[in-house]
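# Fold and geometry: a report
Now for the letters of each chain:
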Amino acid sequence: MSDQPFAIETRELVRRFGHSNAVNGLSLRVRRGRCYGFFGRNGAGKTTTIKCLLNLLRPTSGSVRILGLDPARDEVAVKSRVAYVPDAVAFYPWMTVRDTLDYLASFRPRWNEAVERGLLDRFRLDTRQKASHLSKGQRTQLALVGAICAEPEVLILDEPTSGLDPIIRREFVEAVIGAFQERDAGDRTVFVSTHLIAEFEGLIDEFTIIDGGRDVLTLEADAARERYQKIYARFAVEPAGLELPGAQTIRRRGRELEMVASTDPSALLDRLRAHSPEALVAESLSLEEIVVATLQSGAAVA
Amino acid sequence: MRMRLNFRSGKPVYLQLVDQVKAAAAAGAIREGEPLPSIRPLAEELRVNRNTVAKAYAQLESLGVIESVAGKGCFIRKNGSPYRKDVRLKLLAEDIDQAVTQAHHLQVGKADFLRLAADRFDRFDHQRGTNGRQEVP
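Counting from 1, residues in each chain are numbered in the order their sequence is written. Labels are handed out in written order, letters beginning with A for the chains and numbers beginning with 1 for the ligands. For this predicted model, a pLDDT threshold of at least 70 governs which residues receive local features, and a threshold of 80 or more governs which side-chain atom pairs are given and counted, while totals over whole chains, interfaces and linings are taken from all residues. To obtain the side-chain values, all non-hydrogen atoms of the structure were included, while hydrogens and water were left out.

### Looking at a nonpolar patch on the surface
What makes a patch is a set of residues exposed beyond 30% relative accessible area and free of salt bridges, joined within 9 Å when like-charged and within 5 Å when nonpolar (Val, Leu, Ile, Met, Phe, Trp, Tyr). Here the Shrake-Rupley method, with its probe set to 1.4 Å, supplies the accessible areas, and only the displayed protein chains count as covering residues. Salt bridge, as used here, is a side-chain nitrogen of Lys or Arg placed within 4 Å of a carboxyl oxygen of Asp or Glu. A surface patch of nonpolar side chains, about 480 Å² in accessible area, is lined by Tyr92, Trp94, Tyr103 and Phe107 of chain A. Here a strand is any run of E in DSSP of at least two residues, a helix any run of H or I of at least four, and the numbering for each starts at the N terminus. You can see tyrosine 103 of chain A is positioned in helix H3 (residues 97–105).

### Focus: the interface of chain B and chain A
The accessible area lost on association of the parts is a frequent measure of interface size. We call two residues in contact when some of their heavy atoms are within 4.5 Å. With 15 residues of chain B at the interface, the matching set in chain A holds 28 residues. Of the roughly 2,000 Å² buried between chain B and chain A, counting both surfaces, carbon and sulfur atoms make up 41%. Throughout, the accessible surface (probe 1.4 Å) given up by two parts as they are put together, summed over both, is called the buried area. Looking only at chain B, the three residues that lose the most surface to chain A are Arg8, Arg47 and Arg50 of chain B, adding up to 38% of its buried area. Run the count over chain B and chain A and you get 5 salt bridges. Residue arginine 122 of chain A is joined to glutamate 44 of chain B by a salt bridge in which the shortest nitrogen-to-oxygen separation is 3.1 Å. For the purposes of these results, a polar contact is taken to be a pair of N or O atoms within 3.5 Å, where, inside protein, one atom must be able to donate a hydrogen and its partner to accept one; residues adjacent in sequence count only when each atom of the pair is a side-chain atom. The interface formed by chain B and chain A includes 14 residue pairs in polar contact (both at pLDDT 80 or more). The set of elements that each furnish at least two residues to the side of chain B that touches chain A consists of helix H2 (39–46) and helix H3 (50–62) of chain B. If one sorts the elements of the side of chain B that touches chain A by residue count, H2 of chain B sits on top with 3 residues.

### Here we look at the packing of aromatic side chains
Any Phe, Tyr or Trp ring, taking Trp's six-membered ring, that has another such ring centre within 6.5 Å forms a pair; planes under 30 degrees apart are called stacked, those over 60 apart edge-to-face, and the others tilted. Tallied over the full model, the rule gives 6 aromatic pairs over all chains. Ring centres of tyrosine 103 of chain A and phenylalanine 107 of chain A lie 5.1 Å apart, and the angle between their planes is 90°; on these two criteria the pair is classed as edge-to-face. Classification of phenylalanine 107 of chain A as exposed rests on a relative accessible area of 57%. Cluster of aromatic residues (ring-pair linked, three or more members): Tyr92, Trp94, Tyr103 and Phe107 of chain A. In our convention, an over-ring charge means Lys NZ or Arg CZ found within 6 Å of a ring centre and within 35 degrees of that ring's normal. Seen from the ring of tyrosine 14 of chain B, lysine 55 of chain B lies directly overhead, with NZ or CZ sitting 4.2 Å from the centre. Accessible area is worked out with a 1.4 Å probe on protein chains only. A residue is then buried under 20% of its type maximum, exposed over 50%, and partly exposed in between.

Okay, here's the thing in structure tokens:
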């Protein structure tokens, strides 16, 4: 396990546009078999990073490795083991769904026809339909079929479900779970950049939040939900001398307290219990709320 | 057996699955020899990673709650923990300690606590007696 190369690894990746660095020293390590979330505001450097992973852009400095290979030097080897679904998908308008899949398959060493049939069926895609007549949702579905049937080891998704209706979004996520991880789930890596974080919540094992082209937080999803909690406490009388280290955004309303713990909620809960609260409730933040809290606080919480 | 996940509980997702299967087996909602849902449809239904379900099942197997039969899937085992009784009691004591701590903070005394424990025990027994048609609230 440990001598296996990372599915994706960047070291001090920098990509400059004009005078500014869209990606500014980003180091990522995505283990094989993980489903990895890549979150950040618009303009944080997510798409630029992904384009560097795919050799669509050359890094200004730093390095990129996919499955241990350099995508600039071993372009063919990397591309045969990776698939990519961007947010806006373009196909040749004169081709039908069938033609398009045949065309995509012609570049691939492998093509799983059983998976193709299953997905076309699930998405109710008509193979005789012209690509120019497909809706945005159907184009994304077709791109996903093309990506999954090639049985790549790494599936890179860049805002794949933005602008799609909720049913198509659901089916998209289910197809990634059901069809992409079909074979050996431990060997199928997903790297997904998205703003629709709730959609992917159950799928994400680990994530990185980037801002200004830099990593501000990398955590396992379970650990993040354990660490980031919203705590509500109510006391019989306003507690005197209650200190709350490690609590963010504390709101006090007389004998009521509300706060977000971002480091050690259990220590905070013990501290609150010591003042015998009438009510004490803690719940985890969702990944989306964690991303918002991290970006709004403006600083990394290491 | 119904499985539900709560991403706000702060408990790792795979552990939620482990605990729900254990609770369902204790309450008779799923009985010896009955199959668990297979990994793929359950993962799709719960919209979680397949590795998460696989990890939960692996843990349940190591706890002796389920057994996996090659090519057939996972089944609830006859209630037989692989641990010796003193180990089992020690494991249980850890959970009871937590409940006792909680009782202290909720100002629930020993007598009430023991009565409640007996009551819950009966309730699970009753559930198993009624084929586990009802859920333990």
